[in-house]
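# Fold and contact review
The residues making up each chain are set out below.
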Amino acid sequence: MSRLTYPLEPVPPFRLDLAVWVLRRRPENAIDRWDGRCYRRALALEGGPVEVAVTKTGPPEAPRLRVAVEGERAGPGTRPAVTAALERLLGLRIDLSEFERFASRDARLGPLAQRFRGMKPPRFPTVFECVVNAIACQQVTLTLGVRLVGRLAEAYGLAMSGGDAPVHAFPQPEELARSKPEELRTLGFSRQKARALIELSSAIAGGHLNLEALASESDGAALDRLSRVRGVGRWTGEYVLLRGLGRLHVFPGDDVGARNNLLRWLGLTGPLNYDGVRRAVTPWSAYGGLVYFHLLLDRLVEAGYVKSKRRATPALKEAGTNDDGNPLEASIREACSR
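This report concerns the structure included in the present document. None of these values were measured; they are calculated from a predicted model. (Residues numbered from 1 in each chain as written. Predicted model: local features only at pLDDT ≥ 70, side-chain atom pairs only at ≥ 80, totals over all residues. Heavy atoms only, no water.)

A word on unusual backbone geometry. For the bond running from Pro-12 to Pro-13, omega is -10 degrees, close enough to zero to count as cis. Within the fold, Pro-13 resides in the loop between β1 (2-8) and α1 (16-24). Phi at Arg-25 takes a positive value of approximately 75 degrees, unusual for a residue other than glycine. Of note, Arg-25 is situated in the loop between α1 and β2 (33-34). On the basis of relative accessibility, which here comes to 4%, the residue Arg-25 falls in the buried class. Even without a glycine there, the phi angle at Gln-139 is positive, about 60 degrees. Note that Gln-139 resides in the loop between α5 (127-137) and α6 (142-156). Residue classification places Gln-139 among the partly exposed positions, given a relative accessible area of 48%. (Helix = DSSP H or I, 4+ residues; strand = E, 2+ residues; numbered from the N terminus. Buried < 20%, exposed > 50% of the residue type's maximum accessible area, 1.4 Å probe, protein only.)

Okay, structure coming up:
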């Protein structure tokens with residue numbers, strides 16, 4: 001195994017714990033791992049898989065990250081790819097100063113933004129990974145959806161050996177394209193989801209679909225292209241705009257959990273439909289996605305997962321995710337202990 005360590009300096013303010021939890025969503029997430037101090041993830045790079053460990057020193061106003069990379073071909077050549085992935089995963093280069101100024105003038109949003117100051121909005125490292133996550137989470141609880149994605153990684157993702165058990169990177173399209181519907185069924189995916197994932201992976205692996213090209217499309221054009229993909233409806237499309245393409249004004253209006261979080265925050269009796277959500281977030285429409293992430297953190301605090309001055313409740317109530325109707329170990333421990 002080769003090892004590379006180097007520093008990174010996020011745009012301040014930055015809190016690693018908040019960024020990681022908005023990315024993870026649930027403690028059952030086996031791909032994005034967090035022990036309270038160190039964030040870890042296996043990445044599938046062109047030269048082979050690597051294990052990445054990230055720790056933070058310094059206060060939120062002067063953050064500094066220590067990145068440790070291990071793998072058979074880990075070295076200076078892997079640094080650009082690892083850095084690019086971390087910048088997306090943890091929002092390291094995003095400057096939220098305009099949002100902070102806006103929130104400071106808003107009596108309702110201000111306290112929420114101040115409470116979670118240092119959170120950076122995450123993105124999946126690829127749009128493909130985002131779409132797969134969205135499909136997995138359709139019509140099930142978020143906890144189950146996250147577990148399904150973990151099973152997918154364990155079955156098809158490149159593995160890094162070491163420690164008590166290997167860790168797995170998220171599967172590449174080529175790996176999932178070779179899977180069989182019955183194999184995905186044994187992991188817990190419905191027949192419709194299995195078919196959607198295999199078709200999606202095959203189209204990308206065959207060069208017939210380029211999801212990364214959506215970055216240059218308008219919201220409407222991107223949603224239109226996504227709607228042609230099997231298993232992608234309005235919720236999945238808006239989820240991809242936010243978590244895959246970084247469109248921070250998008251609040252996925254069909255997300256049941258997010259609707260409930262919004263109702264609680266606004267003190268409404270509900271229920272809200274899609275149009276009701278859009279009307280409710282109108283005062284913050286330029287930052288709808290940031291409101292979405294902050295409300296997710298607020299819920300995670302109540303579950304006791306995220307540290308906060310606010311008293312946490314012992315359990316997190318489950319909710320359906322959407323209504324589309326289609327959704328080295330030893331050395332890494334050493335790096336995380338420093």
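In this section: the sheet that holds strand β3 (residues 39-45). Strand-to-strand pairing in sheets goes through backbone hydrogen bonds, with the strands running parallel or antiparallel. On the basis of which strands lie adjacent, the open sheet formed by 5 strands has the order β1-β5-β4-β3-β2 and antiparallel pairing. The strands lining the two open edges of the sheet, one partner per strand, are β1 and β2. When β3 meets strand β4 (residues 48-57), the two strands line up antiparallel, connected through 7 bridges. Across the sheet, the residue bridging to Tyr-39 is Val-54, located in β4. (Pairing = 2+ DSSP bridges.)

Moving on, we get to the environment of Glu-174. The topology assignment puts Glu-174 in helix α7 (residues 173-177). Measuring from C-alpha to C-alpha, the distance between Glu-174 and Val-306 comes to 36 Å, with 132 residues separating the pair along the chain.

Once that is clear, we can look at the environment of Lys-193. Mapped onto the elements of the fold, Lys-193 is located in helix α9 (residues 191-205). Residue classification places Lys-193 among the buried residues on the basis of a relative accessible area of 7%. Side-chain polar atoms of Lys-193 contact the backbone oxygen of Gln-138, separated by 2.6 Å. (Polar contact = N/O pair within 3.5 Å; in protein donor to acceptor, adjacent residues only side chain to side chain.)

For the structure shown, the criterion picks out 8 aromatic pairs. Ring geometry for Trp-21 and Tyr-305: centres 5.4 Å apart, planes at 10 degrees, overall stacked. In this pair, Trp-21 is assigned in helix α1 and Tyr-305 in the loop between α14 (288-302) and α15 (329-337), connecting sequence segments 284 residues apart. Here Trp-265 and Trp-284 contribute two aromatic rings whose centre-to-centre distance is 5.0 Å and whose plane-to-plane angle is 50 degrees, an arrangement assigned as tilted. Pair noted here: Trp-265 is in helix α12 (residues 256-266) and Trp-284 is in the loop between α13 (274-280) and α14, with a separation of 19 residues, a long-range link. Classification of Trp-265 as buried rests on a relative accessible area of 15%. We classify Trp-284 as buried; its relative accessible area is 5%. Connected via pairs of aromatic rings, a cluster forms that spans Phe-99, Phe-102 and Tyr-287. Between Arg-234 and the ring centre of Tyr-274, over which it is positioned, the NZ or CZ distance is 3.6 Å. (Phe/Tyr/Trp six-rings, centres within 6.5 Å; stacked < 30°, edge-to-face > 60°. Lys NZ or Arg CZ within 6 Å of the ring centre and 35° of its normal.)

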